[in-house]
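Topology and contacts: notes
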Amino acid sequence: MIGLTARGWSDLPERLQVMVQNADVLLGSPRHLGLIPPFPPQQRLPYPSPLREGLPTLLGEVSGRRVVALASGDPLLAGIGSTLVEMLGATAVRVHPAVSSVAFARARMGWSEESTQLVRLRGGDLDVVRRFLFPGRHLIILSRDAHSPTAVAQVLIDEGYGDSMVTVLGDLGADSESRTESAARTWKGHAPELNVICVACAGSSGAASLAAGLPDEAFDHDGQLTKRDLRASALAHLMPRPGELLWDVGAGAGSIAIEWLRSHPGCRAVAIEHNLDRVKRIRSNAEALGAPSLEVLHSEAADVLASLPQPNAVFIGGGATVETLERSWSALQAGGRLVVHAVTQETEMIMVDCWKRYGGELSRLSVEHLEPIGRYHGWRPARAVVQWSAVKDVG
Ligand SMILES: C[S@@+](CC[C@H](N)C(=O)[O-])C[C@H]1O[C@@H](n2cnc3c(N)ncnc32)[C@H](O)[C@@H]1O
């Protein structure tokens, strides 16, 4: 697996040129293959589209031959390298990275790795940019195509970051390398197909925070929302970890699942809600808060839990019946976390019974807010919530 810069063949060290030349089969995108001079009778095969579905057949056809697969820059940075290693195993794929577009971009901007956030527009979904916007932050956004810069500039304007400086670096490392710069609100630039967007964030931080517990106003809701202090407590007990899957059962406005996803780009979540209006609201909240990957299911919890992938954590905010609690507990992986919130006596009794059998912590959370009473102020208690949280024994 050999990484290419945008200049291609002439940038390859001699030992890798020899490797490419001696290959029986060269795999690559049409752009990659076009960057390598012809070496007949070498066979050249373009990557299939869709990639994941077609790769196993292609790899089967070329197995046993000397194969070199080409990629852009660092093949393991948002590249085909990750897919091939996943399919064939790390020992079967020897990777020779070239300078990545990200390293080039940092070099052009003079930005250190520590001060920069890498953002990938997965599947072209722009909304993910929203969760990384903090004043003074440097973003390097891997574009999908020539239209991405204009679309990103619009997201910045929508989020109050219109003064952010946008620098689009095109064809990095090639003779045709380009650099276009302007504030997001005045961005009119055209970009080449191959580009990276560098954003120096300028805007107000508003409600943005890395910690769980966004203000309730950040969510569109009809009252069915786990309020901020309780939400922060729930997420503390759910313990989001990179790559892990959450079930948010009775998702309401989706706040628990959304904050789980905002905790790390690798986190995954499924929200289950039986009220259609709320399902629509969850989807728009997820987009607005930079968690477009949230999977939202319009369903009764009991009808769908059995078909879901095994979770690492489950939050039950509504529809807590004996069946949904038992099914959630048994579906949890070892070390999995379950958190249930109840406001009714009936649900509380089910939770107490589970607590007796599975252990964990039972807490009664009541928050009081200071509110005006005429010219004075007094405490107004919010409805108390009983929280059961438990970790499934690794044993
Ligand atoms: C208190 S709200 C959850 C709030 C949510 N945690 C949030 O912060 O956005 C409870 C939700 O559970 C939903 N619900 C209740 N029973 C359900 C069931 N059996 N299946 C799916 N959803 C259910 C209700 O429609 C309601 O939206």
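Let me begin by describing the structure that accompanies this report. (Residues numbered from 1 in each chain as written. Predicted model: local features only at pLDDT ≥ 70, side-chain atom pairs only at ≥ 80, totals over all residues. Heavy atoms only, no water.)

What to know about the overall build of the chain
In plain terms, the rule: Strands here are runs of E lasting at least two residues and helices are runs of H or I lasting at least four, both read from the DSSP assignment and numbered beginning at the N terminus. Categorising residues by exposure relies on relative accessible area from a 1.4 Å probe, with only protein chains included: less than 20% of the type maximum marks a residue as buried, more than 50% marks it as exposed, and the intermediate range marks it as partly exposed. Two residues form a contact once any of their heavy atoms are found within 4.5 Å.
A count of helices and strands for the chain gives twelve helices and 18 strands. Its C-alpha atoms put the chain at 80 × 55 × 35 Å along the principal axes. Across the 395 residues in the chain, those meeting the buried criterion constitute 47%. Within the chain, counting contacts between residues at least 6 apart in sequence, those at least 24 apart form 62% of the total.

Side note on the pattern of salt bridges
Applied cut-off: Here a salt bridge means any side-chain nitrogen of Lys or Arg lying within 4 Å of a carboxyl oxygen belonging to Asp or Glu.
All told, the structure shown has 19 salt bridges when counted by the stated rule. Across the pair R66 and D24 runs a salt bridge whose closest N-O atoms are separated by 3.1 Å. Of this pair, R66 sits in the loop between α3 (51–62) and β4 (67–72) while D24 sits in the loop between α1 (14–21) and β2 (25–28), and the two are 42 residues apart along the sequence. For R66, a relative accessible area of 51% puts it in the exposed group. With its nearest N and O atoms 3.7 Å apart, the salt bridge here joins R327 to E323. Of the two residues, R327 and E323 both sit in helix α11 (residues 322–331), four residues apart, roughly one turn of that helix. Looking at E323, the relative accessible area reads 40%, which means it is partly exposed. Connected through salt bridges with shared partners, the residues D220, D222, R278 and R281 form a single ionic network.

Observations regarding the nonpolar core
Worth spelling out the cut-off: Nonpolar cores are built from buried Ala, Val, Leu, Ile, Met, Phe, Trp, Tyr and Cys residues. Side-chain atoms within 4.5 Å join them into one set.
The biggest cluster of nonpolar side chains holds 27 residues, and the ones touching the most others in it are L238, L246, W260 and L294. Listing elements by their share of this core, those giving two or more residues are α7 (228–238), α8 (255–262), β11 (268–273), α9 (276–288) and β13 (313–316). Per element, the largest residue contribution to this core is five residues, and it comes from α8.

Quick look at the state of the cysteines
In plain terms, the rule: Disulfide assignment relies on a single distance test, namely cysteine sulfur atoms paired within 2.5 Å.
Counted by the stated rule, this structure contains zero disulfides. We note that C198 lacks a disulfide partner, and the nearest cysteine sulfur, in C201, lies 11 Å from it. Classification of C198 by relative accessible area gives buried; the value is 0%.

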